[in-house]
Amino acid sequence: MRSKTVAVLPGDGIGPEVLDAALPVIDDLGLPITLEHGDIGWEFWRTEGNPVPERTWDLIDRSDAVLLGATTSKPGREALADLRPHLRERAPQYVSPIIQLRQRLDLFANLRPVENHLGGTPYRFCVVRENTEGLYAGLDWDRVPEEMWPLLADHPNARRSGRGATTASVRMLTRHGLDRILRFAFEHARVHGHPRVTLADKPNVLRQSSAYARGRLEEIAADYPEIEYEILNVDAVALWMARRPERFGVIVAENMFGDILSDLGGGVMGGLGLAPSANIGENGNYFEPVHGSAPALAGTGRANPLAAFLTIGLLLEHLGFGEAAGQVRDAVSHVTRRRDRVTYDLGGTATTTQCAASVRDACRAVPRAHTAAVVTIGDELLRAALEDSNAGEASRRLAARGVPVRVRHTVGDDEAAIADAVRASIGRDDVVVVMGGLGPTSDDVTRVGVARALGRPLEHREEAWQGVVERLTRFGVAVHEDNRRQARFPEGAELLPNTNGTAWGCRLDVQGTTVVMLPGPPRECLPMLDALLRDGLAHLPLPEPVVTVFRRTLGVIEADAAAAVDALVRDMGLGVKPAYRWHYPYVDVRIDCPPDGADELAKRLDDALGAYVVTGRERTAVQELAALLDARGLALDAADRVTGGRFAAELAAARRPAPDGTPDGGVSVTLGATWDGGGPEDHTGTVRLLCAVRDGAPEYTGELTVPNRGPEVITYAVHFAAWTLARRLVEETA
């Protein structure tokens, strides 16, 4: 394929920064595209009297496509006031860049894809808006022209107001305009696999013009017999876009209706920060994120670059780079569904550049962590009448397969609750395991809930039914008509036989997620899950080997430890996610990293947290001290004025008896405390813990101040004393 030229027109406000963040993806993908930047926007209106200078038109003429950032437009009076003084004298008329591009290039079709990038019920449709006529054709008068007055004079409101106080606009539909936009819609449906074209109009009110549009629809549709078509009231389309977006394929509408529906589509998919657009004509085009210039966000680093990436995807598809376009779309979906590096409008804290970097990483196929969700079902689980052992067992099995569980749901026998739990993970997690509620009784509604989440009907599967009948007959159990429920599965599901029970399971792959539906009894579902994890997830790579670096710390709060470790991991460029656990009085840090980086990570971790590290093992300070004393055959004499003997008791419980019953030597510890603002019974303020160690060498003293939060501060004192003595013993032999 020959090299393509793209005219990049950054525009105003956040336009330049979102394009700057997203455009490097073209180089990342190694595409033969030359980018040439041009001038457009408010600053050129102010300084030159034209927001689209002639030099920009020259660039557009020699380019294969135009990528537009975002432009600012203001009403005529404000626009004139913003001009440089020497330009106001000739009082040029302000025409927005968007209008200029559409009119001069005859861009009749505005394409607005709407796709579920956030997870949940899958949907993928687009709104095709006609750009050149309809109610936006410019036939709009602030005072009805004299020659038009006879058409309006019989209306009672016009008659009462008179011609001088009556305004009018004309909705113009032409055969030329309708035919080319309808044909564009059908062609788009054919190329992208959409099964239906919906004309959104208002035939119950605008009867005559809508009837003409219907006639053109029927004639054009005859050339596309494989594609369904319909005409619906635009208000009904708006309702069902919000309620059931999965029912649509291509929605085509005249200018004003398309304008409204296309922005509604942005809302359906999560906001204009995810909304791309293309404007296409017979001899030109431009591609634009539709979020606007947002001047209040400019320079703050908070603008969402995802719409810019999706717009680049549309542009690449138009230029013939379909595979690369798919990579960009998939990368955006990956980032939005993981939600760990998205901007504020999607509930995240990432900056524009951080969010863009995550998309570029995904485009470069940087290995990512796979995740799972577990949904266990049953009213008895919610009431805690039964232990939810399936959730724990499934989590362990999934983690061992390299697909750790991100979220677990326990829901009752409720169709809507089941659907919501499953839907939340579709497209976001790699595997969703649903267990329970597949029996023959009316309260077993898991099948219905899962089918609802997937947007698929249930269908009878004879193979499963014969399996149910054979199983029941073998054990002399009557086969009731209600048993047929156990042979119903979401359309297109792959069946999973149950060798230990009656109810079969199934699996479906949708939006990159494998949804698995299994019966509830552990002796049935867990072997089925084992078989699936062994043989049925070949599309997921086996986990890469990792080394776990673990440190247990004392005397540092979780937030401070996390800030230091997060910065360390980021500086090393490991691309791993540390895990933190606070369990009084400890903060644990756990990092799974590639083997070749483990030693360096451990060294840096000790440099960063060394003053607080108790151990690199899953042991307490008391257990570490007990092991040291046992290894050296030492006795301990504790003068303890703080813990009431707990320190000595816990240490004794952790130690092994000496072989001959008599330690070789000894060490003494004095543990004291000073309260500031409270006391042993009045839990407020802080407590200063002091531990003095005497072992024949110069006395060693450890000190730590902690919140006097409650009686549990005694626990802190026990482990602080053990940690102080253990550090002293280690230092002596270091």
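Just above, that's the structure.
The following refers to the structure shown. (Residues numbered from 1 in each chain as written. Predicted model: local features only at pLDDT ≥ 70, side-chain atom pairs only at ≥ 80, totals over all residues. Heavy atoms only, no water.)

**Here we look at the overall build of the chain**
- When helices and strands are counted, the chain shows 27 helices and 28 strands.
- What you see for the chain is a C-alpha radius of gyration of 34 Å, clearly larger than the 27 Å of a compact globule of 734 residues, by over 25%.
- Across its three principal directions, the C-alpha atoms of the chain cover 115 × 85 × 60 Å.
- Within the chain, the fraction of its 734 residues that count as buried is 49%.
- In the chain, once contacts between residues fewer than 6 apart in sequence are set aside, the share between residues at least 24 apart is 72%.
- Total accessible area on the chain stands at roughly 33800 Å², and carbon and sulfur atoms take up 50% of it.
- When the 81 basic and 101 acidic side-chain charges of the chain are each reduced to a single mean position, those positions are 2 Å apart. (Helix = DSSP H or I, 4+ residues; strand = E, 2+ residues; numbered from the N terminus. Rg over C-alpha atoms; globule rule 2.2 N^0.38 Å. Buried < 20%, exposed > 50% of the residue type's maximum accessible area, 1.4 Å probe, protein only. Contact = heavy atoms within 4.5 Å. Areas by Shrake-Rupley, 256 points an atom, 1.4 Å probe, with all protein chains shown as cover. Lys, Arg positive; Asp, Glu negative; His and termini not counted. Charge placed at Lys NZ, Arg CZ, Asp CG, Glu CD.)

**Quick look at the packing of helix α4 (residues 54-61) against helix α7 (residues 97-105)**
- Packing of α4 against α7 leaves a shortest axis separation of 13 Å and a crossing angle of 50°. Compared by their axis directions, α4 and α7 come out oblique. Helix-helix and strand crossings are classified by hand; for α4 and α7 the assignment is right-handed. The segment α4 lies against α7, with E54, W57 and I60 engaging Q100, L101, R104 and L105.
- For the contact of α4 with α7, the class distribution of residues is four nonpolar, one polar and two charged. (Axes fitted to C-alpha atoms, helices over the stretch in contact; angles between N-to-C directions. Parallel < 35°, antiparallel > 145°, perpendicular 65-115°, else oblique. Left-handed = near helix turned anticlockwise from the far one by under 90°. Nonpolar A, V, L, I, M, F, W, Y, C, P; charged D, E, K, R; others polar.)

**Some thoughts on the pairing of strand β23 (residues 586-593)**
- A large share of β23 lies buried, amounting to six of its eight residues.
- Bridge count between strand β21 (residues 547-554) and β23: eight bridges; the pairing is antiparallel. Paired with V547 across the bridge in β23 is C593.
- Examined bridge by bridge, strand β22 (residues 579-583) and β23 share five bridges and lie antiparallel to one another. (Pairing = 2+ DSSP bridges.)

Coordinates in, geometry out; function isn't part of it.
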